[in-house]
Amino acid sequence: MTATVEPEVGKARLRKEDARLITGRTRWTDNLTLPGLLHIEFLRSPSAHARIVSIDTTEAKNKPGVIAVLTGADIAAEQGSLPCAWPITPDMKAPPAPSLAVDTVNFAGEAVAVVVARTKYEARDALEAIEIDYEDLPVVLDMAAAVADDADLVHADLGTNKSALWVFDSAAAGTGGDVEEAIAGAEVLIERTYRQQRLIPAFMEPRSVLVDPTGEQITMWSATQVPHILRLMLALTTGVPEHKIRVIAPDVGGGFGGKLQVTPEEVVTLVVAKRLGKPVKWTESRSESLVSAHHGRDQIQKLTLAAKSDGTVTGLKVELLADMGAYLRLVTPGVPILGAFMFNAIYKFPAYHFACTNVFTNKTPTDAYRGAGRPEATFAIERLMDELAVELGVDPLEIREKNWIKHEEFPFTSVCGLQYDSGNYEAATAKAKELFDYDGLRAEQKQRRESGDTMQLGIGISTFTEMCGLAPSRVLGSLAYGAGGWEHAAIRMLPSGKVEVVTGSSAHGQGHETAWSQIVADQLGVPFEDIEVLHGDTQTSPKGLDTYGSRSLTVGAMAVLKAGDKVIEKARRIAAHMMECAEDDLEFAGGKFTVKGTEKATGITDIALAVFAAHDLPDGVEPSLDSEATYDPENFSFPHGTHLCAVDVDTETGFVKIRKYVCVDDIGTVVNPVIVEGQVHGGLAQGLAQALYEEAVYDESGTLTTGTLADYLVPSAMDLPHFITGRTETPSTTNQLGVKGVGEAGTIASTPAVVNAVVDAVRQFGVNDIEMPCTPMRVWTAINGGPTDAGGTGAQAGGGLGSIDATGGAQ
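All of these numbers come straight from a predicted model, not from anything done at the bench.

S.K.: Explanation requested: the nonpolar core in the structure shown.
M.R.: In globular proteins that are soluble, nonpolar side chains generally tend to be buried together. Counting residues in hydrophobic clusters, the biggest one holds 145 residues, and the most contacted among them are Leu305, Phe343, Phe354 and Tyr661. Leaving out residues up to four positions away in the same chain, leucine 305 has contacts with Val188, Leu189, Ile190, Val313, Gly315, Leu316, Phe349, Ile381, Leu384, Met385 and Leu388. In terms of nonpolar packing, the next biggest core, distinct from the first, is built from 46 residues, Ala471, Val560, Ala608 and Val739 among them.

S.K.: Sorry if this is basic, but what is going on with the packing of aromatic side chains here?
M.R.: Two aromatic rings are characterised by how far apart their centres lie and by the angle between their planes. Scanning the model with the defined rule gives 16 aromatic pairs in all. With a centroid separation of 6.2 Å and 65° between ring planes, the pair formed by tryptophan 166 and phenylalanine 341 is classed as edge-to-face. You can see tryptophan 166 sitting in strand β7 (residues 162-169) and its partner phenylalanine 341 sitting in the loop between α11 (335-340) and β15 (352-360), a full 175 residues away along the chain. On the basis of relative accessible area, tryptophan 166 is assigned to the buried category, the value being 6%. With 5.8 Å between their ring centres and 80° between their planes, tyrosine 194 and phenylalanine 379 make a pair best called edge-to-face. Highlighted residues: tyrosine 194 in strand β8 (residues 188-199) and phenylalanine 379 in helix α12 (residues 374-392), separated in sequence by 185 residues. The exposure class assigned to tyrosine 194 is buried, which follows from its relative accessible area of 2%. The ring of phenylalanine 528 carries lysine 16 above its face, with NZ or CZ at 4.6 Å from the centroid. Here the guanidinium or amino end of lysine 259 rests over the ring plane of phenylalanine 203, the centre of that ring lying 4.7 Å away.

S.K.: Is there a simple way to explain the sheet that holds strand β11 (residues 245-248) in this structure?
M.R.: Within a beta sheet, neighbouring strands are joined by backbone hydrogen bonds and run either parallel or antiparallel to one another. Taking strand neighbours across the sheet as the criterion, the seven strands line up as β3-β5-β1-β12-β9-β10-β11 in an open arrangement whose pairing is mixed. Pairing within the sheet leaves two strands with one partner each, and these edge strands are β3 (66-71) and β11. Direction aside, neighbouring strands of the sheet carry axes that sit 20° apart on average. Summarising the sheet, strand β1 (residues 38-44) and strand β5 (residues 111-117) pair through six bridges and their orientation is antiparallel. Note that in β5 the partner of isoleucine 40 across the bridge is valine 116. Along the sheet, helix α8 (residues 227-238) makes contact with β10 (218-222) and β11, crossing β11 at roughly 150°. Sheet strands in contact with helix α9 (residues 264-276) are β1, β3, β5, β9 (208-212), β10 and β12 (280-283), and its direction is about 135° off that of β1.

S.K.: I tried to follow the side chain of arginine 297 on my own but got confused; where do I start?
M.R.: With respect to the helices, strands and loops of the structure, arginine 297 is situated in strand β13 (residues 296-307). The buried charged residue arginine 297 lacks any salt bridge, with glutamate 376 as its nearest oppositely charged partner at 4.1 Å. Of note is the side chain of arginine 297, whose polar atom sits 3.0 Å from the backbone oxygen of tyrosine 369. At 3.4 Å, the side chain of arginine 297 and the side chain of glutamine 690 are in polar contact. The contacts of arginine 297, once residues within four sequence positions are left out, are Gln196, Gln197, Leu199, Thr366, Tyr369, Arg370, Ala372, Pro375, Glu376, Gln690 and Thr747.

S.K.: Got a minute to help me understand the pattern of salt bridges in this structure?
M.R.: Any two side chains of opposite charge can pair if their charged atoms end up close together. According to the stated counting rule, one finds 50 salt bridges in the structure shown. Across the salt bridge formed by aspartate 323 and lysine 363, the nearest N and O atoms sit 2.8 Å from each other. Of this pair, aspartate 323 sits in strand β14 (residues 313-325) while lysine 363 sits in the loop between β15 and α12, and the two are 40 residues apart along the sequence. Lysine 363 gets classed as buried once you look at its relative accessible area, which sits at 1%. Note that aspartate 648 is salt-bridged to arginine 659, the shortest N-O span being 4.0 Å. Highlighted residues: aspartate 648 in strand β26 (residues 640-650) and arginine 659 in strand β27 (residues 656-666), separated in sequence by eleven residues.

The rules behind each value
Residues numbered from 1 in each chain as written. Predicted model: local features only at pLDDT ≥ 70, side-chain atom pairs only at ≥ 80, totals over all residues. Heavy atoms only, no water. Core = buried A, V, L, I, M, F, W, Y, C linked by side-chain atoms within 4.5 Å. Buried < 20%, exposed > 50% of the residue type's maximum accessible area, 1.4 Å probe, protein only. Contact = heavy atoms within 4.5 Å. Phe/Tyr/Trp six-rings, centres within 6.5 Å; stacked < 30°, edge-to-face > 60°. Helix = DSSP H or I, 4+ residues; strand = E, 2+ residues; numbered from the N terminus. Lys NZ or Arg CZ within 6 Å of the ring centre and 35° of its normal. Pairing = 2+ DSSP bridges. Axes fitted to C-alpha atoms, helices over the stretch in contact; angles between N-to-C directions. Lys, Arg positive; Asp, Glu negative; His and termini not counted. Salt bridge = Lys/Arg side-chain N within 4 Å of Asp/Glu carboxyl O. Polar contact = N/O pair within 3.5 Å; in protein donor to acceptor, adjacent residues only side chain to side chain.

Now the structure itself:
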């Protein structure tokens, strides 16, 4: 009797990657060196907006070890303009974006010159010898002020600070009713303005680039999430033919969207190396990263929710101002548009209107940060649902349940026109309530309020879904996105029976090498240990669209499975020939082809060796099982979950302590529970950080005052609670494995859960909002009746929308 082999999918395996990570055998870009390697350092503008009057590099060029000093004017013909791949409207305004500023600087931290030297220390010392004369220009920081008719301009030649207006209206799109009619007929109207503060991705490994121009190709090693996209964009930006560029993403220490970019430093390093004919490397300092790598979030959200007196929602109107910063980076303008499809969340809104005005300011450019538009939308709607519950005097879970999509209603087409394929919000919420002891904590909260306890208990809720697995290509095309959403993979069967999996997804901490090995082990019936996963090199893996938007498993792994199916079909024909039977008489399972109704069998590894020998193959069959495939999904994936948070708030000091945090996520089929737990915990940490700790703050001159980790408060393990996690499983119906994304779920759901809890704790003092992050000072001030904004122009805390023109734009 043959022993049953335990499936790999679902097994809690430790990650293959971890051995080299924890023993120091990683190959970070900054660890790499080449003979004759030169180093570069960037001089950055201290001014947020100024005209460059003159640059004198004479003294710097004479410093010890210095090879060259270059300015924007020196490389103007070679550097091109940094790409923006998402023109969200035909009339979108996009200023030129030089990697080195030529005549004007538009944010503090913009690169204006570069020193090339034999060591990075000599290069850094020489920076101080460069003399630059600036003529200050008016600084634009506040979004609401920036869209006023008499506003100072970031880019005078554009004539406006508005980059684009993008509009979705359910009535115009034919996906729902008229929101203005819903508002006019509302029995209950909730109007709020929320602030999404500016955040910094703060990845663990600093950005680093090494370029070697000495071979037949220019080879770039970069700490990037997107080696394939980077290669194409470097070619388009610099004019170097694409086939003459090789990009390698070695071990990459986190990204969170912060390395989903084509950076000025990558372009300049390539240009300098090509010009000098020598290998060149740059690695940023932490403070350099905080001021110059792109930021995230930064929105003002004006929201109107219409409902009946029984709590049934009837309409939702969203008006956004979104801060682009000084330039449009790779997907900057599209980030808030991703959120447009998620403000309705899991609720059955019959009417919906969304209008987003993208605004230029003299701040570091924004772009994707973990969740990219979806956290902002989830925060807004989950805060509104709490406000509706308070207005009606009902439990906030009750108001959600009244309006969410029931499990028997799937598949469900939302008011935005998206089809949610599967879900069970009731099951996730019931499990979360049980793990949380929801009723017990509500009883304790009541007792504390009645006793006037100085330590008040708050309970926060977030019931969310998200669209992830950034694809399909046709949908992205309809949104004017500059690329597709497909992914590519190849499987190579080696003569020894070992397997190489080549994937276009480029891991930077997600665990691809482990998860892909588990999936292929089950599919081909080969041992987990016999599978090697190759990625992150445009020569090894020439096709791919890389990793972001929780797309690796739902798109990348499906390409792997598709390639594996082709391997099996190739092997089937050869197996039939070897066993002298018809192909239809064969069954494949556990790595073996078996003739139906017999014990006659041959293994796929035996076939691999026979193919290599090629002594007896069917006529017309090539001697190879190797296969490749490209997968373009038919839909997004829609993970969901319920997050519950309990906080203790000291009403005398404003200090917030998370007492209990429970999340129950439904991500469909789970490939590896260990990896899932890691993704969820990391996401929760970043969502909690937005709620309580992190904020990029500018002073009135446009200087980033949180430019070190002493000022930008990234929480440590000591600041985080013990997370209680659980799962329900509603498989996706749109892919072969039934999987959904998980990489961004924790970040998307946790921020509103925490803020709802904080506000709930102090609502009896007349508080209905506290601006993030909910620091002790802001909480204490709210309790005592004062404004909760940061009080700084650069921080834009407490800013209002003013008037948004939402009469035109893309429908």
